[in-house]
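Residues per chain are reported as follows:
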Amino acid sequence: MNFLEAVMHYEFLQKALLTSIMVGIICGVIGCFIILRGMALMGDAISHAVLPGVALSYFLGINFFFGAVFTGVLTAIGIGYISQNSRIKNDSSIGIMFTAAFALGIVLITLMKSSTDLYHILFGNVLAVRPSDMWMTLIIGVIVLTSVYLFYKELLVTSFDETMAQAYGLPTKLIHYFLMTLLTMVTVASLQTVGIVLVVAMLITPAATAYLLTNRLSFMLFISSGFGSISAVLGLYISYKANLASGATIVLVATGLFIITLIFSPKHGVLRKLINSRKKRVSYS
Amino acid sequence: MGTSISVDQLHVSYYGKEAVRDVSFSIMPGSLVGIIGPNGAGKSTLLKSILGLIPSDKGTVKVQGGEVKLARKKLAYVPQRSNIDWDFPISVIDTALIGTYPKLRMFRRPKKSDKQLAMECLEKVGMSEFKNRQIGELSGGQQQRVFLARALAQQAEIFFLDEPFVGIDISSEETIIKILKELRDQGKTILVVHHDLSKANDYFQQLILLNQELVKFGNVDEVMTPETISRAYQGQLSFLKELVVSS
């Protein structure tokens, strides 16, 4: 049975495919703002900081969305507090807070004596997506995309020139934490697909690939979510065919697309730069 | 007519260090004022404090007779060129268009008339033919002109420029100063952080000479005397004396 037939035939594959595509799109969109604000490390931190929230939600028997968003945002606030109120620099305070949250998460989960759950949360298991997970991803997707659409102007100006944004009265801190909340939600949505450890790749790699291809933010958002979902579909296909870990395969496909773009991008590619500098040298000789 | 900006006994500290100490002055509408002083004199800090970006320890700042908060939409700020990410994926026209954002309501996109305004402002600074370029592809002077266009699109009453003439070509500098003088003649207030003393005479009517404390505020000819300048620079630049004397 080929992949297409299998998708038609098996519901679990359909769900996996749909969820992965949605994750590719929303990670691609939020990822653009993350890399333009120079917050790649923050993306990594928040995605890890979701773990204790997931564990707590299991304890309390509530949907893990709430716990995850709670600890994710709490960590973002903690990082902000330490770097603004002490001499500790931002990257160090990120390092302290997210490892602490992650460690707490691991301790909580081992208390529950369920190592399979831990493995799935850390590395994803897209083929085991339940209908409820799929719906949650869809709802998160709608919230994230609507927010970006509605606040596009504010997100653009705070990412590009925060001082001007502040000067004309935008609540830049609030917008920062709002973006962190969206980031946490995206992480939660990606738990099943690529897992906590690799979410950051889905945030940064497709966005960075798009960044090499365009000089306009609006195009970048579309290209980035395009690369995100192509990576998701292709990765899922390869992992199904070759029986590989799906999350990791998706990430490797995204990385492959990035490397190809890095070399061949017509505007910012390595090859282009090489040709340009050679042309200069020839014209001078 | 009331004052445009009045600063009274302002103290500001930056990362726990006192950067601006007991500064008072007031500026009328229709003035083009230079803020000069040696490195670390607190020029940018003063500017940011007037804009309400850095809280003050003591003293008051009034813009058009009221709190800065109430006048935010009437202020335009042109940042130092080094504070901008020139690789940001944005075109020249979209950069100018940001100038229309402060007047747009939440959830609203720029309309056709806003785009027209942005385009007119680009024409004013002579950058309309570059409208689709990415901002990093421009020269320093062109970049500065685009940011001036953005400030013009804000249709503000008070303009703040932080070191606009650093590292730019002479024709851009002339274009910018010409536009600033036009704004002054229209009754706007313009504050420019500037560190090239040699041109302060030609560019500004009034100067704020700063070295943490206010050394002198007044008309250019009152401020640009060898004694006051050397008091501000405290012998940091001995050739300045000769420069000022000869000019």
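Given the structure is predicted, the values throughout are model-derived calculations rather than measurements. (Residues numbered from 1 in each chain as written. Chains lettered and ligands numbered in written order. Predicted model: local features only at pLDDT ≥ 70, side-chain atom pairs only at ≥ 80, totals over all residues. Heavy atoms only, no water.)

## Focus on the overall build of chain A
Thought 1: A tally of helices and strands in chain A yields 14 helices and zero strands.
Thought 2: Written out in order from the N terminus, the α and β elements of chain A read α-α-α-α-α-α-α-α-α-α-α-α-α-α.
Thought 3: Its C-alpha atoms give chain A a radius of gyration of 20 Å, near enough to 19 Å, the size a compact globule of 285 residues would have.
Thought 4: Taking the principal axes of the C-alpha coordinates as reference, chain A spans close to 70 × 60 × 30 Å. (Helix = DSSP H or I, 4+ residues; strand = E, 2+ residues; numbered from the N terminus. Rg over C-alpha atoms; globule rule 2.2 N^0.38 Å.)

## So, the pattern of salt bridges
Thought 1: Overall, the coordinates contain 13 salt bridges over all chains when judged by the stated rule.
Thought 2: The salt bridge involving Lys15 of chain A is made with Glu11 of chain A; its shortest N-O contact spans 3.8 Å. Linking Lys15 of chain A with Glu11 of chain A, this pair stays in helix α2 (residues 11-36), spanning four residues, or about one helical turn.
Thought 3: What makes Glu11 of chain A exposed here is its relative accessible area of 52%.
Thought 4: Linked through salt bridges whose partners overlap, the residues forming this network are Glu18, Arg21 and Glu213 of chain B. (Salt bridge = Lys/Arg side-chain N within 4 Å of Asp/Glu carboxyl O. Buried < 20%, exposed > 50% of the residue type's maximum accessible area, 1.4 Å probe, protein only.)

## Some points on the confidence of the model for chain B
Thought 1: Across chain B, the average pLDDT comes to 90, with 94% of residues at or above 70.
Thought 2: Looking over chain B, one finds the lowest element-wise mean pLDDT in helix α10 (residues 239-246) of chain B, namely 52, and the highest in helix α3 (residues 92-98) of chain B, namely 97. (pLDDT = per-residue confidence, 0-100.)

## Considering the confidence of the model for chain A
Thought 1: Per-residue confidence for chain A gives a mean pLDDT of 91; residues scoring 70 or more make up 98%.
Thought 2: Helix α6 (residues 115-123) of chain A is the least confidently modelled element of chain A, averaging 77 in pLDDT, while helix α8 (residues 152-160) of chain A averages 96, the highest of any element.

## Here's the deal with the packing of helix α3 (residues 40-60) of chain A against helix α4 (residues 64-85) of chain A
Residues and elements named next belong to chain A.
Thought 1: At a minimum axis distance of 7 Å, the contact between α3 and α4 shows a crossing angle of 135°. Classified by the angle their axes make, α3 and α4 are oblique. The handedness of the crossing between α3 and α4 is right-handed. Side by side, α3 and α4 meet where Met42, Ala45, Ile46, Ala49, Val50, Pro52, Gly53, Val54 and Ser57 of the first sit next to Phe64, Gly67, Ala68, Thr71, Gly72, Thr75, Ala76 and Ile79 of the second. (Axes fitted to C-alpha atoms, helices over the stretch in contact; angles between N-to-C directions. Parallel < 35°, antiparallel > 145°, perpendicular 65-115°, else oblique. Left-handed = near helix turned anticlockwise from the far one by under 90°. Contact = heavy atoms within 4.5 Å.)

## Details of a nonpolar patch on the surface
Residues and elements named next belong to chain A.
Thought 1: On the surface, a cluster of nonpolar side chains totalling about 780 Å² of accessible area is made up of Ile259, Ile260, Leu262, Ile263, Phe264, Val270, Leu271, Leu274 and Ile275.
Thought 2: When contributions to the nonpolar patch are tallied by element, the ones reaching two or more residues are α13 (246-264) and α14 (270-284).
Thought 3: Ranked by residue count, the leading element in the nonpolar patch is α13, at five residues.
Thought 4: For Ile275, the location among the structural elements is in helix α14.
Thought 5: Looking at Ile275, the relative accessible area reads 40%, which means it is partly exposed. (Patch = residues over 30% accessible without salt bridge, like charges linked within 9 Å, V, L, I, M, F, W, Y side chains within 5 Å. Areas by Shrake-Rupley, 256 points an atom, 1.4 Å probe, with all protein chains shown as cover.)

## Quick notes on the environment of Gly141 of chain B
Residue and element names in this part refer to chain B.
Thought 1: Residue placement: Gly141 occurs in helix α5 (residues 140-153).
Thought 2: We classify Gly141 as buried; its relative accessible area is 1%.
Thought 3: Considered as a pair, Gly141 and Asp169 are 28 residues apart in the sequence and their alpha carbons are 5.5 Å apart.

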